[in-house]
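# Geometric and topological summary
Spelled out from the first residue to the last, the chains are:
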Amino acid sequence: HVTPEKFYVEACDDGADDVLAIDRVSTEVTLTVKKDVPPSAVTRPIYGILGTIRLVAGTYLIVITKKKKVGEIFSHAIWKATDFDILSYKKTMLHLTDIQLQDNKVFLSMLNHVLSVDGFYFSTTYDLTHTLQRLANTSPEFQEMSLLERADPRFVWNGHLLREFAAQPEIHRFATPVMHGFITMHSCSINGKCFDWLLVSRRSCFRAGVRYYVRGIDSEGHAANFVETEQIVHYKGSKASFVQTRGSIPFFWSQRPNLKYKPKPQISKSVNHMDGFQRHFDSQIISYGKQMIVNLVNQKGSEKPLEQTFAKMVNSMANGMVRYVAFDFHKECSRMRWDRLQILMDQLAEQQDEFSYFLVDSDGKIVTQQEGIFRSNCMDCLDRTNVIQSLLARRSLQAQLQRLGVLHVGQRIEEQADFEKIYKNAWADNANACAKQYAGTGALKTDYTTGKRTQWGLIMDGWNSLIRYYKNNFSDGFRQDAIDLFLGNYSVDEVEPASPLHVKKDWKFLALPIIMVVAFSMCIICLLMAG
């Protein structure tokens, strides 16, 4: 309910009388009741509060205005937020100069850009940010917490926007933690036995960004493009889950766009890599247990130094919990020899059996726990990584379905045509979602994930590569700034006189275009006046 003085957010649960009152002048947030909402207020339905943010014109409230049901996890509804609205606390913009108005417009367009990227999910009753295994190993106090308090901060994309809500425990119920990534759910049947199959990818908001601007790790050990992917099976009350991670090669390196098709990766020479590297794996071991690194980069050319450095650092860290396998994906699978991926699968099989998977029976008793994790990476942690993750997940699923009695002894998932189609399409959709969020286009090699490598798939890969090239060189700076603003890595200072949006361009920036225009003009004149 909107009035000139306040925003009133009314809870629509049965029997709820709570109303959140947000003062548009003082920005104070308090709890009140339905009868306090003035009848003159302009009313509209919303599906959640994303949070608040300060821009040049003052504070804005971001709300979810459209949602689409993805399905249900253990009878909890899961929603995808498909549209948002950014509401200004200020009733007028007359207090701003023309330059400030322009800057405010740019910041708003940045927020709208982030919100337009597909993949924001939420639930008002279920904690989407944790794996089944993490949720099963919690205390009763944890179960009592609000969703905002108990959520894993790595995967709450509106954590910065909700910081003022987080400071007031009594209003936590009105705050909706939103994750970014991909969720798909399918009711499947094999041998006449029905089960639910889910795929959830959670994208980390630490060191988030776009392809060439964010590589490697930061000083805290957070890796770029870090995504936790969980595959869940639910059959007759039993639940099984298999978790994998992907993330940029975890030391300090960069690959800034420079108009080349593939800029050369640069490993930083001035920092102590071991410090951040150690922090990264310490936190991974706490979260997931043993680590099996699967490095898929090329072992020749510009990617070679990254592979060598990674292997050397794992050796010098000498941690028994971290193991390393390198597999030159492009060399091994060149000329569409996809059968050669089996070499890597055979290499990892023993390790996968040792790690196992998480399984809880219909009585809620934990049968097995996942003891370790595969951390896969290529350069972008998109296309090659997704192919390998889908193969590891299928191998785990095979074991789970046999144990649950869905598959008979000797039966293979690959032979179940209907399920195999659902499985491959879901993993291709997962690849596309992760790629769009990081590289700006759909994934490459998805024709392999969905079936087998084809000539048409190669053509589509070429097209996507071309789009990626354009976006990475000419529009990713804006995308990166937008993400940094949204996540609070950059804060707008209302009183700051010099805005970063108005950097004076050096004369050198203008020299080349002017020379080109003059040269082109001369060329045309010579052609027209040849006589």
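Residues numbered from 1 in each chain as written. Predicted model: local features only at pLDDT ≥ 70, side-chain atom pairs only at ≥ 80, totals over all residues. Heavy atoms only, no water.

By the naming in an unreviewed UniProt entry, the protein chain is Phosphatidylinositol-3-phosphatase SAC1, taken from Opisthocomus hoazin.

### Looking at the pattern of salt bridges
Threshold: When a carboxyl oxygen of Asp or Glu is within 4 Å of a side-chain nitrogen of Lys or Arg, the pair counts as a salt bridge. Secondary structure elements are defined from DSSP: runs of H or I of at least 4 residues count as helices, runs of E of at least 2 residues count as strands, and each element is numbered from the N terminus. Working definition: with a 1.4 Å probe on protein chains only, accessible area under 20% of the residue-type maximum means buried, over 50% means exposed, and in between means partly exposed.
According to the stated counting rule, one finds 28 salt bridges in the structure shown. The closest approach of N and O atoms between Arg-202 and Glu-230, which form a salt bridge, is 2.9 Å. Here Arg-202 is found in strand E9 (residues 193-203), whereas its partner Glu-230 is found in strand E10 (residues 227-235), with 28 residues between them in sequence. On the basis of relative accessible area, Glu-230 is assigned to the buried category, the value being 0%. With its nearest N and O atoms 3.8 Å apart, the salt bridge here joins Glu-220 to Arg-279. Here the residue Glu-220 occupies a position in the loop between E9 and E10, and Arg-279 occupies one in helix H6 (residues 273-288), the gap between them amounting to 59 residues. Classification of Arg-279 as partly exposed rests on a relative accessible area of 39%. One network of salt bridges, in which partners are shared, links Arg-134, Asp-152, Arg-154, Arg-202, Glu-228 and Glu-230.

### Quick look at the UniProt feature "domain: SAC" (unreviewed entry) in the protein chain
Keep this limit in mind: UniProt positions are given in the numbering used here, feature names are shortened, and annotations may be inferred rather than shown by experiment.
Residues annotated by UniProt as "domain: SAC" (unreviewed entry) correspond here to residues 111-440. The span residues 111-440 shows a helical share of 35% and a strand share of 22%, and its end C-alpha atoms are spaced 16 Å apart.

### Some remarks on the UniProt feature "transmembrane region" (unreviewed entry) in the protein chain
The UniProt entry lists residues 509-530 under the feature "transmembrane region" (unreviewed entry), expressed in the numbering used here. The straight-line gap between the two end C-alpha atoms of residues 509-530 is 33 Å; of that span, 91% is helix and 0% is strand.

### As for the nonpolar core
Applicable threshold: In this description, a nonpolar core means a group of buried Ala, Val, Leu, Ile, Met, Phe, Trp, Tyr and Cys residues linked to one another through side-chain atoms lying within 4.5 Å. In what follows, a contact means two residues having at least one pair of non-hydrogen atoms within 4.5 Å.
Residues Phe-195 and Trp-197 are the most contacted members of the largest nonpolar core, which totals 41 residues. Elements with a minimum of two residues in this core: strand E8 (179-190), E9, E10, strand E11 (238-246), strand E14 (290-295), helix H9 (341-355), helix H10 (383-403) and helix H11 (417-438). The leading source of residues in this core is H10, at seven residues. Excluding residues within four positions of it along the chain, Phe-195 makes contact with His-186, Ser-187, Cys-188, Ser-189, Ile-190, Val-233, His-234, Tyr-235, Leu-401, Val-406 and Phe-419. Counting 33 residues, the second largest nonpolar core, distinct from the first, contains Ile-53, Phe-120, Trp-157 and Ala-208.

### A short note on the packing of aromatic side chains
Counted only if it meets this: The rule is short: rings of Phe, Tyr and Trp, with Trp giving its six-membered ring, pair when the centres are within 6.5 Å, and they are stacked under 30 degrees, edge-to-face over 60, tilted in between. Comment: the charge-over-ring label is applied if NZ (Lys) or CZ (Arg) is within 6 Å of the ring centre and within 35 degrees of the ring normal.
One pass over the full model with this rule turns up 18 aromatic pairs. Ring centres 5.9 Å apart and planes at 85° place the aromatic pair Phe-84 and Phe-120 in the edge-to-face group. Within this pair, whereas Phe-84 is found in strand E6 (residues 76-88), its partner Phe-120 is found in strand E7 (residues 120-122), the two being separated by 36 residues in sequence. Considered together, Phe-84 and Phe-120 belong to a single accessibility category, that of buried residues. Between Phe-195 and Phe-419, the ring centres sit 5.7 Å apart and the planes meet at 55°, which makes this aromatic pair tilted. Of this pair, Phe-195 sits in strand E9 while Phe-419 sits in helix H11, placing them 224 residues apart in sequence. Grouping aromatic residues by their ring pairs yields a cluster made of Phe-195, Trp-197, Phe-419, Tyr-423 and Trp-427. Directly above the ring of Trp-79 sits Lys-67, whose terminal nitrogen or CZ lies 3.6 Å from the centroid.

### Digging into the packing of H9 against H10
In plain terms, the rule: Axis lines are fitted through C-alpha atoms, for helices just across the contact stretch, and the angle between N-to-C directions can take any value from 0 to 180 degrees. Just so you know how the angles are binned, under 35 degrees is roughly parallel, over 145 roughly antiparallel, 65 to 115 roughly perpendicular, and the rest oblique. The handedness criterion is simple: a crossing whose near helix is rotated anticlockwise from the far helix by less than a right angle is left-handed, and one whose near helix is rotated clockwise is right-handed. Polar here means any residue other than Ala, Val, Leu, Ile, Met, Phe, Trp, Tyr, Cys and Pro, which are nonpolar, and Asp, Glu, Lys and Arg, which are charged; Gly is therefore polar.
With their axes 11 Å apart at the nearest point, H9 and H10 run at an angle of 50° to one another. Our classification of the angle between H9 and H10 gives oblique. Taken as a pair, H9 and H10 cross one another with a handedness that is right-handed. In contact with Leu-341, Leu-344, Met-345, Leu-348, Ala-349, Gln-352 and Asp-353 of H9, H10 contributes Val-387, Ile-388, Leu-391, Leu-392, Arg-395 and Ser-396. Class assignment for the residues of the contact of H9 with H10 results in nine nonpolar, two polar and two charged.

### Considerations on the sheet that holds strand E1 (residues 6-10)
Put simply, the rule is: If DSSP finds at least two bridges between two strands, the strands pair.
Across the sheet, three strands lie side by side as E1-E2-E3; this open sheet has antiparallel pairing. The sheet terminates laterally at E1 and strand E3 (29-33), the two strands that pair on one side only. Adjacent strand axes in the sheet meet at a mean angle of 30°, parallel and antiparallel pairs treated alike. Sheet topology note: the E1/strand E2 (residues 18-23) ladder contains five bridges and is antiparallel. If you follow Tyr-8 over to E2, its bridge partner there is Ala-21.

### With respect to unusual backbone geometry
You will see that Thr-27, though not glycine, has its phi angle at about 65°, which is positive. Counting through the fold element by element, Thr-27 comes out in the loop between E2 and E3. Overall, the relative accessible area of 26% leaves Thr-27 in the partly exposed class.

### So, the side chain of Arg-24
Which entries qualify depends on this criterion: Asp and Glu count as negative and Lys and Arg as positive, but His and the ends of the chain are not part of the count. Whenever two N or O atoms come within 3.5 Å, that pair is a polar contact, provided that in protein one can donate a hydrogen and the other can accept it, and provided that, for residues adjacent in sequence, both atoms are side-chain atoms.
Within the secondary structure, Arg-24 is located in the loop between E2 and E3. Summary of buried charges: Arg-24 has no salt-bridge partner, and the nearest side chain of opposite charge, Glu-5, is 7.8 Å away. A polar side-chain atom of Arg-24 sits 3.1 Å from the main-chain carbonyl oxygen of Tyr-89. Those residues within four positions of Arg-24 in sequence are excluded, and the remaining contacts are Val-2, Thr-3, Pro-4, Glu-5, Lys-6, Phe-7, Ser-88, Tyr-89, Lys-90 and Lys-91.

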